Amino acid sequence: MKSRKFKVGFFTILLFVASCASNPYKNVTVVFGPVMDDRITLVSAFKDLSKGKLYKAKVEVLKNYLSGLLMIKEVKGSKRVIFTSETGLKFFDFEFAPDTFIVHYVLEQLDNKHVLNTLREDIGTVVFHGVENAAIVQVKIKGEDALVHRTKDKEDWMYYYYQDERLNKIERASDKKKKVIITFENYEEDIPQLINIVHKDFKMNIELTYIKR
Amino acid sequence: MNLQILKDMLNKLTLILVLVALQLLSVAQADGYSVMKNVEDFKTKAKQVADKTTTISSDFVQKKILSIMEEEIISEGKFLFKKENSIRWEYQTPFVYLIIINNGEIFIKDDDKENKFDMKSNKTFKSINDMIVNSVSGNIMDDDNYEVSYYESGSYFMVQLIPKDEKMKEYMSTIQVYFDKTSYDVVRVKMMEESEDYTSIEFKNRVVNSEVPDNKFSFK
C-alpha cells in the first residue's frame, strides 16, 4: 500500500510539473487558411489501400497487453479495419465510411463506449477518416521549420506534420496540451512500416508493425 | 476513460483469445460431403488410432479468411502434442508467436512479452482445452459440449461440432474436424464465425509417436 501511495503521489507531482511546463501550442500562428479547396491538401500515410495492408499490432493499456493482427483495406469507398488475434479470433471489424462509422463486429469484452470511442478516434485518425471535408489551415509552430497543417475534430485540434512530402506525425491536442501522438515511420514502397499511437493523458500505446506478405 | 473497466475487459479478453488459440482446429462447407455411412466403425477406428498416439509433431498452415475484404491471412509454424494434454503452437511466419498449454497452464510469448494463465480458474477455458486435445487426438466425438454430426467425402471423414453454449457460439458457430480416410489422422480443422469469416488450420508433414522432449512444453 505504501508504494502505491508513493506512486500516486509521484504521479500527482509529475502531472503538476507537466501542467506547469510550457504550452507547446503557445506560439502557434495561422499563416494560411482556412481553405477547403485544392490549395492545401492533406496527404494520407497510405497511397493505395486497394490491397489490404496487414500490421502486427501490440496494444498496451496500463499494465495489460494485447497483441494481434490489424488489416486495413479500402472496400467500396470505405476504409475497413479488422483486428484479430494471431490465432484468428476476431476482436473487432470497423467500417469508416465517408459520412459515418459502423461497428460491424466487436468482441463482447471490448464492447464499451469508452473503448470504442478511443479506438474509433485513434484508428480513424490513422486512416484519415473525415479529413476530406475538414477546413485546413497552415500554422507556424515555434521550433518547427516547416509549416504544419491543422484541422479541427470536434473539440480537438489535429496537427499534421510532413517531411519530404510524407506524413510523419499527427497530434491530437486541446488548446494547451497534446493528447495523442501518432507517428508514421520507415516508409517503404509508400507504406509506413511502423505506426505508433501514444496517448499522453493515460497509459495507452498501440504499435503497428507492417507485415510483408 | 474508465480505466478499471478497460482493465477488466482486457483481462477477460486475454482469456478468450487464449481460448480460441486453443481451438485452432477449424473447417469448411460440407461441399461434396454426405452423411457418414458407418459412424460406429469410424468412431472405433479413430479411437484406436488416438489411443496409440502418444506424440504428434507437425507443420501447420493457418488461414484466416476475411470475406468482406476478400483477403486471407496465412501463417505457418510448428505444432507439437504430447499425451495427456501438452500442446505447443509455434507461429514462425510471417510473424513469431508461441503458445504452450501444459498442466492446466497457458503460456504465451510475443516478442519480449510473456504471459501465463491458469486454466483451472475458468470453466469455459477448460472445456475448450478439452475440445482441442480431443480434436487433435481424435477423441472429439465424446465431447458433450457440442452437437456432433458425421460426414464423409472420397478422401475425408468430417466431424462437425456445433457448440451448445451460446457464448461459445459467438466466437465459433461451427467447428469441422477432418480426418484422413486411411490413416484416421486429423488433417484439418475449420472454425467458422457467424459472419462468412473463418479460420482453417491444416496439418502437414505429420509425424506420430516420435520422441518429443518434455522441455518443449516447459516455461518459466
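Note that the coordinates shown come from a computational prediction; the quantities given were computed from them, not determined experimentally.

1. Brief notes about the side chain of arginine 172 of chain A
Residue and element names in this part refer to chain A.
- Examined against the element boundaries, arginine 172 turns out to sit in strand E10 (residues 166–173).
- Judged by its relative accessible area of 4%, arginine 172 falls in the buried class.
- A distance of 3.4 Å separates a polar atom in the side chain of arginine 172 from a polar atom in the side chain of threonine 125.
- Discounting residues that sit within four places of it in the chain, arginine 172 has contacts with Glu121, Thr125, Asp153, Asp156, Trp157, Met158, Lys177, Lys178, Lys179 and Val180.

2. Quick word on the interface of chain B and chain A
- Residue-level contacts link 43 residues of chain B with 41 residues of chain A.
- Roughly 3,700 Å² of surface becomes buried between chain B and chain A when both sides are summed, with 67% attributable to carbon and sulfur atoms.
- Remark: the boundary between chain B and chain A carries seven salt bridges.
- The shortest N-O distance in the salt bridge between glutamate 193 of chain B and lysine 90 of chain A comes to 3.1 Å.
- Across the contact surface, chain B and chain A share 15 residue pairs in polar contact (both at pLDDT 80 or more).
- Looking at the side of chain B that touches chain A, the elements that each hand over two or more residues are helix H1 (3–23), strand E2 (55–66), strand E3 (71–82), strand E5 (97–102), strand E7 (113–118) and helix H4 (166–171) of chain B.
- Counting residues per element, the side of chain B that touches chain A draws most heavily on H1 of chain B, which supplies 14 residues.
- Partitioning the side of chain B that touches chain A into residue classes produces 23 nonpolar, seven polar and 13 charged.

3. Some remarks on unusual backbone geometry
- For the bond running from lysine 83 of chain B to glutamate 84 of chain B, omega is 0 degrees, close enough to zero to count as cis.
- Of the consecutive residues threonine 93 of chain B and proline 94 of chain B, the connecting peptide bond is found in the cis state with omega at 5 degrees.
- Mapped onto the fold, proline 94 of chain B is located in the loop between strand E4 (86–93) and E5.
- Even without glycine at this site, lysine 76 of chain A takes up a positive phi of about 50 degrees.
- Positionally, lysine 76 of chain A belongs in the loop between strand E3 (64–75) and strand E4 (78–84).
- Taking the relative accessible area as the measure of exposure, lysine 76 of chain A reaches 80% and is therefore exposed.
- Of note in this structure, glutamate 70 of chain B is not a glycine but carries a positive phi near 50 degrees.
- Mapped onto the secondary structure, glutamate 70 of chain B falls in the loop between E2 and E3.
- Accessibility expressed as a relative area gives 71% for glutamate 70 of chain B, which makes it exposed.

4. Some words on the packing of aromatic side chains
Residues and elements named next belong to chain B.
- For the coordinates displayed, the defined rule picks out 24 aromatic pairs over all chains.
- An aromatic cluster of at least three residues, connected via ring pairs, comprises Phe60, Phe79, Trp89, Tyr91, Phe95, Tyr97 and Phe203.
- Across the ring face of tyrosine 178, the terminal group of arginine 188 is positioned such that the distance to the ring centre comes to 5.3 Å.
- If you follow lysine 190 out to its NZ or CZ, it ends over the ring of tyrosine 198, 3.8 Å from the centre.

5. Quick look at helix H2 (residues 113–126) of chain A
All names here are of chain A.
- Counted at 1.5 Å a residue, the expected span for H2 with its 14 residues is 20 Å, and the 20 Å between its end C-alpha atoms agrees.
- By the burial criterion, the buried members of H2 are Val115, Leu116, Thr118, Leu119, Asp122, Ile123, Gly124, Thr125 and Val126.
- N-capping of H2 is provided by asparagine 112, with a side-chain oxygen placed 2.8 Å from the backbone N of histidine 114.
- Phi turns positive one or two residues past the end of H2, at phenylalanine 128, with a value near 65 degrees.

6. Thoughts on helix H2 (residues 39–52) of chain B
Residues and elements named next belong to chain B.
- Taking 1.5 Å of rise per residue, 14 residues should cover 20 Å, and H2 covers 20 Å from first to last C-alpha, within 8% of that figure.
- Buried within H2 are the following residues: Phe42, Ala46 and Ala50. Seen along its axis, H2 keeps its buried residues to an arc of 60 degrees; they face one direction. For H2, exposure combined with an orientation more than 90 degrees from the buried face picks out Glu40 and Lys52.

About the criteria used
- Counting restarts for each chain: residues are numbered from 1 in the order of the written sequence.
- Just so you know, chain letters begin at A and ligand numbers begin at 1, following the order they were written in.
- Two thresholds apply to this predicted model, a pLDDT of at least 70 for residue-level local features and 80 or more for giving and counting side-chain atom pairs, whereas whole-chain, interface and lining totals are computed over all residues.
- For the side-chain quantities, the full set of heavy atoms in the structure was used; hydrogens and water were omitted.
- Note on conventions: DSSP H or I runs of at least 4 residues are helices, E runs of at least 2 residues are strands, and numbering of each starts at the N terminus.
- Between buried and exposed lies partly exposed: a residue is buried under 20% and exposed over 50% of the maximum accessible area for its type, with that area taken using a 1.4 Å probe on protein chains only.
- Think of a polar contact as two N or O atoms within 3.5 Å of one another; within protein, one of them needs to be a possible hydrogen donor and the other a possible acceptor, and neighboring residues in sequence only count if both atoms come from side chains.
- Residue contacts follow a heavy-atom distance rule, with two residues in contact if any of their heavy atoms lie within 4.5 Å.
- Here the quantity called buried area is the accessible surface, traced with a 1.4 Å probe, that two parts lose on coming together, added over both.
- Each reported salt bridge corresponds to a side-chain nitrogen of Lys or Arg within 4 Å of a carboxyl oxygen of Asp or Glu.
- Residue classes follow a fixed rule: Ala, Val, Leu, Ile, Met, Phe, Trp, Tyr, Cys and Pro count as nonpolar, while Asp, Glu, Lys and Arg count as charged, and any other residue, Gly among them, counts as polar.
- For Phe, Tyr and Trp, where Trp contributes only its six-membered ring, two rings pair if their centres lie within 6.5 Å, and the inter-plane angle classes them as stacked under 30 degrees, edge-to-face over 60, or tilted in between.
- Geometrically, a lysine NZ or arginine CZ counts as sitting over a ring once it is within 6 Å of the ring centre and also within 35 degrees of the ring normal.
- To estimate how far a helix should extend, the number of its residues minus one is multiplied by 1.5 Å.
- When we speak of the arc, we mean the arc of directions from the helix axis to the C-beta atoms.

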